[in-house]
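So you can see what is in the structure, the chains are spelled out below.
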Amino acid sequence: LYAHRSPTVARIMRVMMEKSNNMYAEGMLRMLAPGESMDVALKRETEILSNAGFDCDGMTAFDGSGLTRNSKVSPRFMADLLQHMATGEKGNLYVSLFPKVGLEGTVKRILKNTCLEGKLVLKSGSMNGVQCFAGYKIDTNGMPTHVVVIMVNDFICKRALVNKGISDFLLKRF
């Protein structure tokens, strides 16, 4: 009588990246071990990353969304993961899932009306005292030319000042 089709994984990931939907992030982790516990899914994630050649000492995960302060990833680990994903079999698709700075999603206000608007695709991540951006600088064809990872921890100033500093840094770098 009724059939419901889930959106494609690519569509789910795009919403997750653009809107920073943490429930989707949890769901994507759970897809690694359907019907199993979070611990089993996290173990599977670590196994996949280890088999791909990653040193998982640069990562501690307790959930899929990174909302717990106990989850940690080093900037080097994140950069290596982004490089690996961009050069993989579905790299072009993966890079296209990130929102464009100054134009889309949670990075809509970052670098708006600058020479970098639409030329960086970044996923934001934040919580009290933490501001992170990770993604790519892209060329006119949407292909990555650089991996970008910026993590600011334990700041006590206003977030707007941190974002201004990050924007200034990126404008000088690119």
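Residues numbered from 1 in each chain as written. Predicted model: local features only at pLDDT ≥ 70, side-chain atom pairs only at ≥ 80, totals over all residues. Heavy atoms only, no water.

Asks: How should I be thinking about the sheet that holds strand β5 (residues 144–153) in this particular structure?
Replies: By way of backbone hydrogen bonds, the strands of a sheet pair with one another, either parallel or antiparallel. Here 3 strands make up an open sheet; going across it, the order is β3-β4-β5 and the pairing antiparallel. Either end of the sheet is taken by a strand with one partner, and the two such strands are β3 (120–127) and β5. Adjacent strand axes in the sheet meet at a mean angle of 10°, parallel and antiparallel pairs treated alike. In terms of strand pairing, strand β4 (residues 130–138) meets β5 through 9 bridges, oriented antiparallel. Across the sheet, Gln-131 pairs through a bridge with Val-152, a residue of β5. Relative to β5, helix α4 (residues 75–86) is tilted by about 155°, and along the sheet it contacts β4 and β5. (Pairing = 2+ DSSP bridges. Helix = DSSP H or I, 4+ residues; strand = E, 2+ residues; numbered from the N terminus. Axes fitted to C-alpha atoms, helices over the stretch in contact; angles between N-to-C directions. Contact = heavy atoms within 4.5 Å.)

Asks: Hey, could you run me through the state of the cysteines in this one?
Replies: Put plainly, two cysteines are in a disulfide when a covalent bond ties their sulfur atoms together. Counted according to the given criterion, the structure contains 0 disulfides. Among the cysteines around Cys-157, which has no disulfide bond, Cys-132 carries the closest sulfur, lying 14 Å off. (Disulfide = S-S within 2.5 Å.)

Asks: What am I meant to see in the packing of helix α2 (residues 22–30) against helix α3 (residues 38–51) here?
Replies: Interhelical geometry of α2 versus α3 gives an angle of 75° and a closest axis separation of 9 Å. Here α3 runs roughly perpendicular to α2, going by the angle between their axes. When α2 is examined against α3, the residues Glu-26, Leu-29 and Arg-30 are found in contact with a partner set consisting of Met-38, Ala-41, Leu-42 and Glu-45. Per-class residue counts for the contact of α2 with α3 are 4 nonpolar, no polar and 3 charged. (Parallel < 35°, antiparallel > 145°, perpendicular 65-115°, else oblique. Nonpolar A, V, L, I, M, F, W, Y, C, P; charged D, E, K, R; others polar.)

Asks: Looking at this structure, I do not really get a positive patch on the surface. What am I missing?
Replies: A surface patch of like charges, here positive, comprises Arg-11, Lys-19, Lys-108, Arg-109 and Lys-112. The topology assignment puts Arg-11 in helix α1 (residues 9–19). Given a relative accessible area of 47%, Arg-11 falls into the partly exposed group. (Patch = residues over 30% accessible without salt bridge, like charges linked within 9 Å, V, L, I, M, F, W, Y side chains within 5 Å. Areas by Shrake-Rupley, 256 points an atom, 1.4 Å probe, with all protein chains shown as cover. Salt bridge = Lys/Arg side-chain N within 4 Å of Asp/Glu carboxyl O. Lys, Arg positive; Asp, Glu negative; His and termini not counted. Charge placed at Lys NZ, Arg CZ, Asp CG, Glu CD. Buried < 20%, exposed > 50% of the residue type's maximum accessible area, 1.4 Å probe, protein only.)

Asks: How should I be thinking about the nonpolar core in this particular structure?
Replies: For soluble globular proteins, the rule of thumb is that nonpolar side chains tend to be buried together. If you look at the biggest cluster of nonpolar residues, it comprises 17 residues, and the most contacted ones within it are Leu-82, Tyr-94, Phe-98 and Tyr-136. Taken together, the elements giving at least two residues each to this core come down to α1, α2, α4, α5 (91–96) and β4. Examining the composition of this core, we find that 4 residues originate from one element, α1, more than from any other. Among all residues touching Tyr-94, those that are not within four sequence positions of it are Met-13, Leu-82, Met-85 and Tyr-136. Residues Val-101, Val-107, Ile-150 and Phe-155 belong to the second largest nonpolar core, which totals 14 residues. (Core = buried A, V, L, I, M, F, W, Y, C linked by side-chain atoms within 4.5 Å.)

Asks: Sorry, what's going on with the side chain of Glu-18 here?
Replies: Here Glu-18 shows up in helix α1. Contacts of Glu-18, omitting those with residues within four sequence positions, involve Pro-99, Glu-104, Gly-105 and Thr-106.

Asks: Which parts of the structure should I look at to understand the packing of aromatic side chains?
Replies: A ring pair, where both rings are aromatic, is described by two values, the distance of the centres and the angle of the planes. Inspection of every chain in the model, using the stated rule, returns 3 aromatic pairs. Both rings, one in Phe-54 and one in Phe-77, keep their centres 5.6 Å apart while their planes meet at 55°; by these two values the pair is tilted. Here Phe-54 is found in the loop between α3 and β1 (59–60), whereas its partner Phe-77 is found in helix α4, with 23 residues between them in sequence. In this structure, Phe-54 and Phe-77 share a single accessibility class: buried. Their ring planes at 80° and their centres at 5.4 Å tell us that Phe-98 and Tyr-136 sit as a pair that is edge-to-face. (Phe/Tyr/Trp six-rings, centres within 6.5 Å; stacked < 30°, edge-to-face > 60°.)

By themselves these figures say nothing about function.
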